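# Coordinate analysis (summary)
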Amino acid sequence: LLRNDLGETYTILNNLAKKGYTPTNIGQITMFFDSKGIYLEDYLDYIPAYAFSKVEHFPSRWQQNGWLVIPPKIKELKFRCFAGCYNRSLQKVIMTGVETIEQDVFINCDELKEVFLGEHLHTLDYACFFNCDSMETIYVPNESVGKLVLKERREIFLPDSTKIINYNTQEEYK
């Protein structure tokens, strides 16, 4: 569940149980719910590898007006954490706090169309958007992130038709 050693992880799980959280499996990881919903972001600053791989439904707390909103506290998306999300389960993503998108994070997300990136993004690993053939637009907050996406376009496997647009100025990077 966490990057800590087994003893620390056990302590965290035990403390969550004492606070009334109920463990529930979603995808490849254990989530904890209380009466208000999911609180993964309270305990992690990353989404683990394969966490939501091939998942058709995401936590409702993360969904707003058709967008999957990754909590701002999440800084890293680990290897293939959203790989293979299909059947319209993942079409639009907002990830304003993410700094690192590791290899194959969105691989084979064939319905993914729009992505909002944040100003702190500094790493886009190889093939992070491989086989995202429906990708229409990546929105960026500033020129430096826009140039990063443009520079890495081939390495991250963006379709040629994908637009890279600054959501503050509406400028398109080509």
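What you see is a predicted model, and the numbers here were worked out from it, not measured in a lab.

## Topic: the nonpolar core
The biggest cluster of nonpolar side chains holds 39 residues, and the ones touching the most others in it are L77, F82, I101, F106 and F129. Elements supplying a minimum of two residues to this core: β8 (92–95), β10 (114–117), β12 (137–140) and α2 (143–152). Apart from residues no more than four positions distant in its own chain, L77 is found in contact with I47, I70, F82, M95, V98, T100, I101, E102, V105 and F106.

## Some points on the pairing of β10
Sheet analysis places β8 next to β10, joined by 4 bridges and oriented parallel. Considered in β10, the bridge of M95 is made with L117. Strand direction decides the pairing type here: β10 and β12, joined by 3 bridges, are parallel. Paired with E114 across the bridge in β12 is T137.

## Details of the packing of aromatic side chains
For the coordinates displayed, the defined rule picks out 9 aromatic pairs. Residues F52 and F82 carry aromatic rings whose centres are separated by 5.5 Å and whose planes lie at 10° to one another, so their mutual orientation is stacked. Remark: F82 occurs in the loop between β7 (76–77) and β8 and F52 occurs in the loop between β4 (46–47) and β5 (63–64); sequence separation between them is 30 residues. Owing to a relative accessible area of 0%, F52 belongs among the buried residues under this scheme. The buried category is assigned to F82, whose relative accessible area is 0%. Seen in terms of ring centroids, Y126 and F157 are 5.4 Å apart; in terms of plane orientation they differ by 85°. Their pairing is edge-to-face.

## Things to note about the sheet that holds β7
Strand pairing within a sheet occurs via backbone hydrogen bonds; the two strands may be parallel or antiparallel. A sheet is described by the order of its strands in space; here 4 strands give the open sequence β4-β7-β9-β11, paired in parallel fashion. Edge strands, defined here as strands with exactly one partner in the open sheet, are β4 and β11 (123–124).

## Here we look at the pairing of strand β13 (residues 163–166)
Where β12 and β13 come together, 4 bridges link them in parallel fashion. Bridge assignment links Y139 to a residue of β13, and that residue is I165. As defined by bridge partners, β13 adjoins strand β14 (residues 172–173) across 2 bridges and the pair is classed as antiparallel. Bridge pairing links I164 to Y173 in β14. Here β13 folds back onto β14, and the loop between the two strands holds 5 residues, one of which, Q170, carries a positive phi near 70°.

## Remarks on the confidence of the model for the protein chain
Taken over all residues, the pLDDT of the protein chain has a mean of 79, while the share at 70 or more is 74%. Below a pLDDT of 50 lies the segment residues 1–10, which in the model reaches 18 contacts outside its immediate sequence neighbourhood of four places, other chains included. Confidence drops under a pLDDT of 50 for residues 22–38, and excluding neighbours within four residues, the segment shows 41 contacts in the predicted structure.

## Quick notes on the sheet that holds β5
With mixed pairing, the 7 strands of this open sheet are ordered in space as β5-β6-β8-β10-β12-β13-β14. The sheet terminates laterally at β5 and β14, the two strands that pair on one side only.

## Description of unusual backbone geometry
One non-glycine residue, R80, lies in positive phi territory at about 55°. Looking at where R80 falls in the secondary structure, it is placed in the loop between β7 and β8. The backbone of N108 sits at a positive phi, close to 65°, despite the residue not being glycine.

## Concerning α2
Along α2, the residues classified as buried are V145, G146, L148, V149 and E152. Taken around the axis of α2, the buried residues stretch over an arc of 160°, which confines them to a single face. Exposed and facing more than 90 degrees away from the buried side of α2 are S144 and K151. Considering only its buried residues, α2 is in contact with β10, β11, β12, β13 and β14.

The rules we used
- Residues numbered from 1 in each chain as written.
- Predicted model: local features only at pLDDT ≥ 70, side-chain atom pairs only at ≥ 80, totals over all residues.
- Heavy atoms only, no water.
- Core = buried A, V, L, I, M, F, W, Y, C linked by side-chain atoms within 4.5 Å.
- Buried < 20%, exposed > 50% of the residue type's maximum accessible area, 1.4 Å probe, protein only.
- Helix = DSSP H or I, 4+ residues; strand = E, 2+ residues; numbered from the N terminus.
- Contact = heavy atoms within 4.5 Å.
- Pairing = 2+ DSSP bridges.
- Phe/Tyr/Trp six-rings, centres within 6.5 Å; stacked < 30°, edge-to-face > 60°.
- pLDDT = per-residue confidence, 0-100.
- Arc of directions from axis to C-beta.

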